[in-house]
Every structure is written in structure tokens, then in C-alpha cells.
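Listed below, chain by chain, are the residues.
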Amino acid sequence: MRDVIVIGAGGGGPVVAAELAGRGLDVLVLEGGPRQADPSTEWSHAENDANNPNNGFLRFGPEDRSKPAWFREWTTNMFVWQLSGVGGTTQHYYGNSPRPMPGVFRGYTGADAAEYDTGHLFPFTYDELVPYLEWVEATLPIETAAMGTKEALTFRGCENYGLPLQTSRNITRNAFRPQQNAILQPGGNAGRTDDSTLLTFPQATGCTFCGHCFQGCYMPRQAPRNQFAKRSTDNSYVPLGLSADAVRPGGRAFELLADSFVQSIRHEQEGPHTVARGVTWRNNATGEIFTEDARVVVLAGGATESPRLWFNSGLPNPNDWVGRGHTDHFFDWVVGSFDEYTGNSKGANSSARMDFPGRGGIENVGLGPAIQAFSLSLSDSGARGYYTNGRGSTGPWDGPAGRLVGNELKDLMMGGIDNLLNFLVITDDHVEAGNRVTPSLFPADENGAPAKIDVSLRRRTPRTLENREFMVRRAAEIMRAAGAKKVYRMDWAPLLLHVHSSMRMGESDQNSVLDSNAEARWVKRLFIADNSALANSLGGPNPTLTTQALATRTAEKIFQTYFDGDPWVDEEAPVVSTDPRISARMQQLGL
């Protein structure tokens, strides 16, 4: 019997696994997707090779790319950017790691307290989470982003607009600042040359300004896995967990099995309680079925897969909130064209942000050519100026909102992406009970009923819609203040990134699945440690840092509750995941 089995090696699972392995527990990590153990030969910088949802190396599917991707049912015309594989969605994130807004936690008494989703607060205070945020920030590590021309233009717009500079990691007022990113600062030759022969480790360290964050990071070349610039969990917490015996007294390296899809959580009835006992999983390559017992099971499959596995396992759902509250950030794009060079896609691709507590945030994003074209061609308003579907609103942008087509798109793209500046608008979405994940009635795949994702753009709360309009207007005004000659608003159609809260923790047992320890209310010894555990949309900031801080807290709760251990975050110092002892272990493992 294992001490702990962790289901999923995405953004949260490896955090729990590495922390508990560091305490000497016997931990097994099961990941449904591929390992991507040697990205320098398995990955490329080609956008379609990475992101094609059918056969891209970052698709949601098994390791064998000749096999089809796994099916999901969507009830409306949308796209869910779901990934599999060790690292999960952190493989293609931009490393943005802002803290959540304090107003989304219990006990907040600021003047703007009523501006947040007060019906769906975290069941503990912001001050309680801060030590865990600091622990993760030191472990990854998180640093002030390296910046370039697009950040200089963004800051110029903020200053001309009259927005003050924020100097703290805590979000307390409307302000702008450099991003806090999980991307290592450039060192040596990095940032000084484009010559790939000079960008090998250790002559180059950290971010090499290749500008391909969305394709997964394997730079600098020849670096040990834990020294890659972007701190996705496959580059940080997974190496930390595989080296737990080398960096912690009494630590025990965890075992990682990839391409192993968990089909069910095994459970028993013990008096009035349902108790998790282990898992059953399937080897994607051979089709073999395995079972294993554990004292504790941690579900970390993500906002779609965690409720799917819950349903397919036949676990209880007495308040009907499993899979409900599926929340994202109601994205929109504001794009500016400039006569001057904007440095669009160089370096860490998102290194400046603006926060508006109670409303949301804005971040600049440099995009490669294909993703740039995609961002300009997806809209809920349709083709702007050519027809109306009741949207296409006007405001401080040029013309009606909507996607660009014809000569207008051609003229814009002929100017080159290095004359564009992109602002991604991230709305503070209020939790909506009607947005949910349920089992699909389509034929089951080899792992059971697939997930049906039922998220309606037009079913968002009035406050969410109001927040989005507020944020888009601020983005357009700041873009204009930066010097853009034309400003476009996309009114982006639903594209689910930053998805969370579908298995939310909460103050009330009437509208949540997890208690304040992130343990399932109706299944003992079952915890959840992915984005689905988040209580709400954090006020707008990107969710990964909060998920990882919460997962660290959850690891402590597990250790205290079921292994008679003591918490450590207030007593010890974190091990930085770039530690030379981890590098040595990665070299021993050929990683």
C-alpha cells in the first residue's frame, strides 16, 4: 500500500507529491499523458506542431501521437485549451505568477470588499495563504520579469494614463507593475545573442529571449531539466520530487508513471462515511489495467478531468455541486497598431500587468504569428462592420468590436507583428452554478464516459459582464495613451483558459465540494489539488501560483491529519528547484 497516490502531474499534483515525498512518504504520481522527457528532441518551436489540438505535442491525448486525441463534448461553439502530459497546462503557460486579490478571501474588510464575489469566498483569510505563496515563490523561483520594448510601451501608456506603480506583490489598489514570472532571469550569453551555438548551458542560463513560451520551454540547450528557464512543473516540482531523497533529510523520491490514465477512484463505505482506498488505472500503450491501494488519494486532474473522474468513479454528490461553478476569466483582446517597433514576441512573452481590484487585470502578451492571427480572428461579434448580430459594441477603440477581415486584416498584418501591442483583458468572473462539467452521453472511450463541458458565454452574471466592459475600456484607454495609432477590440468568443473552481472549496456545504482543508466533504482521505479546488476566480489574476500555494497548504493538511506530522512552512526554508543537488540527480537520470 502506498502512503499517497496523486492523480495528475499538471500544475498542482507535483506540488503535493514533491512536498510529501520530502517528508519521507511513499508517493506514486500517475499522469494520463506523455512524459516529454527529452523536449529538445520531442518538441519544436513550430506553433502548429505544438498546439494542433489533434496531433500537436501539447494536445490532450496519449503519448503516441499517431493515436487520436481524447474526445470532449462541448455544448456550445467554443474551444477548451486542455493539455495532457507531465507539467499539464504549465507546459504552455507564460509563467505569469501574480498573487490573488485579498478581497476574495474570508475576513477581508477593505473599502472595496463588496466589489468581489462575496457568495463564493475562500474559507480562510488572505493572511493565512501568504506564507504558502512565499514558499512557492521561493521554490520555483518566481522573479521580476525580464522586460523589453513591449513592456516599455505598456508602462508609457500607464504613466500617461495616470496609473501609479505598484511596488508590492500584494494587490491593494489600481496600479501597474512588472509581472512576477516563474521564468529565470537571463544570465551569461542569454539575452545577448540569437546565435544558438552560444545559447547552451552553462554559457547561457535562464531565459534566452527565444520568445516561444507557448510552445513549451527547453532552453537553454543542454541544461539539466531543472535549469530550463520556464518553471513549469515538469521543470521544477517534478525534478524536486524525483530528488526528494537528495535535498531533504529523510526524504524519499516519488515514483512517476506517465501515459497511465486513472479510470476510477476505488472507495469503500465505512460506517456513515465513504472512504477513498486507491485507484485503478490503464496503461495507454499496452491497455493493461492496474490497481493499487493508498492511505490517501489526491485528485489533481484539472478542472475538466477531476469532476469527470469523480462521476465515473460513482462517488457521492449530495448537493449537486460536483462539476458546477466551472469558472474562467472572461478574456478579451485589445490590440494596438503602432508606427514604431513594439518588440512584440521577444523574450518572456508577458512581462507587464495592470490590476484593478474588484474588476480584473490586464497583461501585455507577445504572440507568435499564428497565435497572433488566431487572436485577431475569433470574436463573438463576428466580422466587424460587415454584419451585426446584436454585439459589435463601440467605445474608446476604433470602430465596432469584432474580428478583422479582408483588407483591414491584411493591412494590419502587413505591418508585421513587431508593430503590434496586445493587451489580454482578464475579468474577475463571479462563480456561476450553471456552468458545469458532467458525463457525456456520447459513447465512452477506453477510460469511461468523456466529459461534457457546458459553459455558456451569455449565462455569466451581470457583474461579470459589467467587469469585462469596465476592463476593456481601461485597456483601450491605456493602449491609446501608449501611442497606438489604431486600437481594436476583439470581443473574444469563449476560449477556456484559466479554468477553475469546478470542484470548489468554500465556506458553505451548500455550494462547495471541498472543506477548508481541501478534503472532499463526502469522501474521507480524498483531497483535490488542482485549479478545480479554487473557491473563485481570484479577482482576475492568473491562477497557477494560487493553485500551487493551496496545494502546498493541502500537503501540510494531509501530513497533519493522516500521518501525524507537523507543518513545515512556518518552520523551515524551501528548497529552490534550481538547487545543484537536483541538477546532479537530473543528470544521473538523463533528464
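Residues numbered from 1 in each chain as written. Predicted model: local features only at pLDDT ≥ 70, side-chain atom pairs only at ≥ 80, totals over all residues. Heavy atoms only, no water.

1. Thoughts on the overall build of the protein
Here comes step 1: Within the protein, the regular secondary structure consists of 13 helices and 23 strands.
Here comes step 2: Since a compact globule built from 591 residues should have a radius of gyration of about 25 Å, the 23 Å found for the protein is in line with a globular shape.
Here comes step 3: Principal-axis analysis of the C-alpha atoms places the extent of the protein at approximately 65 × 55 × 50 Å.
Here comes step 4: With 591 residues in all, the protein has 63% of them scored as buried.
Here comes step 5: In the protein, the proportion of contacts linking residues at least 24 apart, taken out of those at least 6 apart, comes to 72%.
Here comes step 6: Total accessible area on the protein stands at roughly 20300 Å², and carbon and sulfur atoms take up 49% of it. (Helix = DSSP H or I, 4+ residues; strand = E, 2+ residues; numbered from the N terminus. Rg over C-alpha atoms; globule rule 2.2 N^0.38 Å. Buried < 20%, exposed > 50% of the residue type's maximum accessible area, 1.4 Å probe, protein only. Contact = heavy atoms within 4.5 Å. Areas by Shrake-Rupley, 256 points an atom, 1.4 Å probe, with all protein chains shown as cover.)

2. Overview of the sheet that holds strand 3 (residues 73-74)
Here comes step 1: Taking strand neighbours across the sheet as the criterion, the three strands line up as 3-19-18 in an open arrangement whose pairing is mixed. At either margin of the open sheet sits one strand with a lone partner, and together these are strand 3 and strand 18 (436-439).
Here comes step 2: Where strand 18 lies against strand 19 (residues 451-454), four bridges are found, and the strand directions are antiparallel. Across the sheet, Pro439 pairs through a bridge with Ala451, a residue of strand 19. (Pairing = 2+ DSSP bridges.)

3. Overview of a negative patch on the surface
Here comes step 1: Among the surface-exposed residues, Asp38, Glu42, Glu63 and Asp64 lie close enough to one another that they form a single negatively charged patch.
Here comes step 2: Looking at the secondary structure, you find Asp38 in the loop between strand 2 (27-30) and helix 2 (39-42). (Patch = residues over 30% accessible without salt bridge, like charges linked within 9 Å, V, L, I, M, F, W, Y side chains within 5 Å. Salt bridge = Lys/Arg side-chain N within 4 Å of Asp/Glu carboxyl O. Lys, Arg positive; Asp, Glu negative; His and termini not counted. Charge placed at Lys NZ, Arg CZ, Asp CG, Glu CD.)

4. Points about unusual backbone geometry
Here comes step 1: The omega torsion of the bond from Phe201 to Pro202 falls at 5 degrees, within 30 degrees of zero and hence cis.
Here comes step 2: With respect to the helices and strands, Pro202 occurs in the loop between strand 8 (187-188) and strand 9 (204-205).
Here comes step 3: Following Met219, the chain continues into Pro220 via a peptide bond in cis, with omega recorded as 0 degrees.
Here comes step 4: If you trace the backbone, Pro220 turns up in the loop between strand 9 and helix 6 (237-242).
Here comes step 5: A positive phi angle, near 50 degrees, is found at Gln36, a position not held by glycine.
Here comes step 6: Tracing the backbone through its elements, the reader meets Gln36 in the loop between strand 2 and helix 2.
Here comes step 7: A positive phi is found at Ala518, a non-glycine position, where the angle reads about 70 degrees.
Here comes step 8: Topologically, Ala518 is positioned in the loop between strand 21 (495-496) and strand 22 (523-524).
Here comes step 9: What makes Ala518 buried here is its relative accessible area of 0%.

Function-wise, these values are silent; they only describe arrangement.
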